[in-house]
Amino acid sequence: MAMMGMHFGHDAGVALTEAGGYRVIEAERRLGLRHVCGGNGDFPQAAAEWLAELRERAASPVTGIAVADWYTPVCQVLPPALVELVNEDARWTATGGTGLADAVTRVIKPLDWPLAKGFGDITLTAVRHHYAHAALAYYTSGARKALVLALDGTGNYAECGMVCLGDGDQLTPVMSFTNRTGPRFGLVYEALARRVHGSQFDTGKLLGLTATGETDAALLPVLRAMLVPQSTRRASPDLYEQLDEDRLTGTALRYADTWWEYDPHSGGYLDAGLADSSDDDVVHSFGSVFPDEIRTADGRSTPVGTSPDARICRDLAATLQNAVERDLTSLVAGLSRRFPSYATLCYAGGCALNITANSRLAECAQFTRVSIPTCCDDSGIALGAALAVADPADRPALLGRSGWASLAYAGPPLQGLDAEDGDDAAQVDGLRRRLGGLGLSLRRPAGDEEFVQAVADLLADRRCVAWLEGGLETGPRALGHRSLLVSAHWSGARRYVSQTIKHREWFRPVAPICPEEVADQYFTGPLDHTETMLFAVRVRPDRARQLAEARHIDGTARLQTVRPDAHPLLHRLCHAVAARTELPVLINTSANGGGRPLLNHLDEALELLTGTELDAVVLPERRLIVE
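Residues numbered from 1 in each chain as written. Predicted model: local features only at pLDDT ≥ 70, side-chain atom pairs only at ≥ 80, totals over all residues. Heavy atoms only, no water.

### Details of the packing of aromatic side chains
Inference 1: Under the counting rule described, the total for this entry stands at 8 aromatic pairs.
Inference 2: Aromatic side chains Trp404 and Tyr409 sit 6.0 Å apart centroid to centroid with 55° between the ring planes, which places their arrangement in the tilted category.
Inference 3: Classification of Trp404 as buried rests on a relative accessible area of 17%.
Inference 4: Look at Trp506 and Phe507: their rings are 5.5 Å apart centre to centre, the planes differ by 90°, and that puts the pair in the edge-to-face class.
Inference 5: Take Trp506: its relative accessible area is 40%, and that puts it in the partly exposed class.
Inference 6: Relative accessible area serves as the criterion here: at 1%, Phe507 is assigned to the buried category.
Inference 7: Ring-pair connections join several aromatic residues into one group, and the members of that group are Phe8, Phe43 and Trp50.
Inference 8: Geometry around Tyr342 places Lys145 over its ring, the cationic atom sitting 5.0 Å from the centre.
Inference 9: Stacked on the ring of Phe286, the Lys or Arg Arg184 has its end atom at 3.8 Å from the ring centre. (Phe/Tyr/Trp six-rings, centres within 6.5 Å; stacked < 30°, edge-to-face > 60°. Buried < 20%, exposed > 50% of the residue type's maximum accessible area, 1.4 Å probe, protein only. Lys NZ or Arg CZ within 6 Å of the ring centre and 35° of its normal.)

Now the structure itself:
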C-alpha cells in the first residue's frame, strides 16, 4: 500500500511513501515561486494534478492521505475538517503534558474536500506540524532508536518545537516547546533576517553574514534572554543555562517609540506584556519585528541598522549565532540527560539548516550520530506527515551508507529532454537542431571516461558548468544533481559562479565538493556527517591558500563529500580535475537564477546558459555537453 502527504503552509507540497521509496513534489519548483504556500492562486488545480501524478506513479494503491495541520487560511482547498480541528478542538491544541501524545495525529472526515475526489474510500489524517518534522527526521534516518528533536520558527498555537523518542516503528512525543516560553531560536533568527535582508526566509543569508561580524559580549546576554527568558531557564535548569542577572539589569529593547525594560520576574522583555496576548500576537512580536535599539547593562545604547553592510548588523548576526549555538547545545545536552541511552539524534525543522550549530551538536560528544534529512525545513512536511501515519511496511527500508540518497534525490527527473516517442538517437538529433536555433552546440563523448575527461577540461580551463543528473534534490541544498560547478583552483572562481552568474551577495558562502577518501587532507571537523551539506567543517590551515576560493570568510566550509557508489561520475570528475589542477575540490552552488527555485527543466537550464555567463550544461546520464 502507499500513503500520501500534503502541506498547505509555506514551502507547500505533496509526497508519497511506499516500500519502494519516496516521491516528493515541492510546489515552489513547479510554480516557480520560492516558499510558495497553498494560498497561491495556481495551487488548487496544480495540487490536484500533483496528487494524480503521484497516485499514477505509485506501485500500489493509495490508502490514505495525511495533511499537516499548519496551513494558510486563504488556501481554497483545505479539508473543512482540518480547519475545524485546528480552530475548535482544545485537546488538539494542547502544547504539552499528558495530552500531547493524543494531539499529534487525528483521523478526520474527508467530506466536502475537493482534492479527495477520485481517491475512493481513503483515510484522511491530520498530523501536527512538529510531529511531521519529527517523523521525517526519524523514519528517514535508518535508525531504530533515537532521540528526535524538531525546532523551527513556529507552527500553530505558538508551538516552536517537539521532542520525541523513536523506538523501532514507534515515535512517541514527550515534550512540546512554545514561543511563549522559548526556545525562540527560529523566531528571533527570522526577525533579524527580516530586519537586515528583508524577508523571514533570508535566515540562510543571515547565517552567511555571521562570519563577517564579531560577538559583542554586552549584547550576548540580551539576545540570549530574548531566545529563552530567565523564567524558563529557572524552571528547567537541566536544559538551559541561567544568565547572570547583573549583565541584564538595566538592559532594554526599543520598538518604535516604546522601551521595554528588562523584567526580572519573567526574565525577558516582551514576555510580561504578552502574557495575555493571543498566539498570533506572540509569534508576530518575536518573529516579525527586531528591536530598533538595544540598551546594554553598561548603559550603552546601540541603534540597530537595516543593511548587511552595517557593522552593527554583522556583529548582531555573529552574536545571535553565538547565542543560538550556546543555548541549543545546552538544550540538547540536557535532553540527552533526561532521556539517556539514545546514541542517535534525529533533528529537523528550519533550525536544522543552521550548519554551524549542527556541527556543534555533532562534536558535543552526546551522540555517535546526528541525522538531519535534506528537506528538514517545511519542504519536507508533506512527506513527514505521510510517514507519521504510514504503515511500517510503507516506509522504505534504509540500508547501507547510501540510504540517505533515497530521500535526498526523491524529486522528479529533469523535464524537457525526453520526447514522447522516438529512439535515443532521434531525440539527440532533435535536441541538436533545437540548440542550433539558439546558437548553441552539442557534444556527445563516446563513453563515461571520455565524457568525464571532457567536462574536466572545461573546469580546468576556468569554465562553469551546470551538472544536471538524476532526481531533483529535496530541500534547499543542491547536492550534485542540480548544481553549478567550477574548479576551486583558480583565483576568482568564487566570484565568477556566485556573483557574476548568480548575482548573489558578496558574503554568501559557496560549497566545496571533495572525494570522501581525501577529504581529511583538506578539511577537519565532522567529516562523517558531510554527504548532505548540512554540517560545517573547517579548512586545514595548511590548505587555506589553496582553498581560498572554496572556504568561507571564517575559514569554514559547507562541504559535500562524494563516494563512487553514490556519485560515480561526479567522484571521477573530481579526480580528473585534480589530474589537471592538483586540487580535487570543486565549488558547488545550486543551479538556478537569482531568487528562483532549483531548476528542473531543460528550458530553464538553457535560459541560464544563454542569459548568464554560464559556460556549459552537462547531462551525465546522456553524456551530453551543451555549449
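### Brief notes about the pattern of salt bridges
Inference 1: Per the counting criterion, the structure on display carries 39 salt bridges.
Inference 2: We note a salt bridge from Asp202 to Lys205, for which the minimum N-O separation is 3.9 Å.
Inference 3: We note a salt bridge from Glu604 to Arg596, for which the minimum N-O separation is 3.7 Å.
Inference 4: Relative accessible area serves as the criterion here: at 25%, Glu604 is assigned to the partly exposed category. (Salt bridge = Lys/Arg side-chain N within 4 Å of Asp/Glu carboxyl O.)

### Topic: empty space enclosed by the protein
Inference 1: For the coordinates displayed, the defined rule picks out 1 cavity of 30 Å³ or more.
Inference 2: Approximately 40 Å³ is the volume found for the largest cavity.
Inference 3: In terms of lining, the largest cavity is formed by Ala225, Met226, Leu253, Tyr255, Tyr269, Leu270, Asp271 and Phe286.
Inference 4: Broken down by secondary-structure element, the contributors of at least two residues to the lining of the largest cavity are α7 (220–227) and β10 (252–255).
Inference 5: Among the residues making up the lining of the largest cavity, the classes are represented as 7 nonpolar, no polar and 1 charged. (1 Å grid on protein atoms, 1.4 Å probe; cavity = no way out; pocket = protein on both sides within 12 Å on 5 of 7 lines; lining within 4 Å. Points joined across faces, edges and corners; volume = space filled by probe spheres on them. Helix = DSSP H or I, 4+ residues; strand = E, 2+ residues; numbered from the N terminus. Nonpolar A, V, L, I, M, F, W, Y, C, P; charged D, E, K, R; others polar.)

### Brief notes about the pairing of strand β9 (residues 170–178)
On a regular strand, one side chain projects to one face of the sheet and the next to the other, so that they alternate.
Inference 1: Looking at chain direction, strand β8 (residues 159–167) and β9 are connected through 8 bridges and run antiparallel. Following the sheet pairing, Glu159 is matched in β9 by Thr178.
Inference 2: From the end of β8 to the start of β9, which pair antiparallel, there are 2 residues, and Gly168 there has a positive phi angle of about 60°. (Pairing = 2+ DSSP bridges.)

### Observations regarding unusual backbone geometry
Inference 1: Residue Gly182 is joined to Pro183 through a cis peptide bond whose omega torsion reads 10°.
Inference 2: Positive phi, close to 70°, is recorded for Ala365, a residue that is not glycine.
Inference 3: With phi around 60°, Met533 is a residue other than glycine that occupies positive phi space.
Inference 4: Positionally, Met533 belongs in the loop between β20 (523–524) and β21 (537–539).

### Quick look at the sheet that holds strand β15 (residues 369–371)
Inference 1: Read from one edge to the other, the open sheet built from 5 strands follows the order β9-β8-β7-β14-β15, with strand pairing classed as mixed. Each edge of the open sheet is held by one strand with a lone partner, namely β9 and β15. In this sheet, adjacent strand axes meet at a mean angle of 20° when their direction is disregarded.
Inference 2: Taken together, the 7 bridges between strand β7 (residues 145–151) and β8 define a ladder with antiparallel strand orientation. By the bridge assignment, Leu151 is partnered in β8 with Gly161.
Inference 3: Running over the sheet, helix α10 (residues 311–338) touches β7, β8, β9 and β14 (344–348) and is turned about 145° from β7. (Axes fitted to C-alpha atoms, helices over the stretch in contact; angles between N-to-C directions. Contact = heavy atoms within 4.5 Å.)

### Quick word on the sheet that holds strand β3 (residues 21–26)
Inference 1: Pairing is mixed in the open sheet, where 6 strands are placed in the order β3-β2-β1-β4-β6-β5. Strands at the two margins of the open sheet, each flanked by one partner only, are β3 and β5 (105–108). Neighbouring strand axes in the sheet, compared pairwise and without regard to direction, differ in orientation by 20° on average.
Inference 2: Here strand β1 (residues 2–7) runs beside strand β2 (residues 13–18); their pairing, made up of 5 bridges, is antiparallel. Bridging across to β2, Gly5 finds its partner in Ala15.

### What to know about the packing of helix α5 (residues 185–197) against helix α6 (residues 203–210)
Inference 1: Close contact between α5 and α6 brings their axes to 9 Å; oriented N to C, the two are set at 85°. By the angle between their directions, the pair α5 and α6 is classed as roughly perpendicular. Residues Tyr189, Glu190, Leu192, Ala193, Val196 and His197 of α5 touch α6, and the partners they reach there are Thr203, Lys205, Leu206, Leu207, Leu209 and Thr210.
Inference 2: Residue classes in the contact of α5 with α6 are distributed as 7 nonpolar, 3 polar and 2 charged. (Parallel < 35°, antiparallel > 145°, perpendicular 65-115°, else oblique.)

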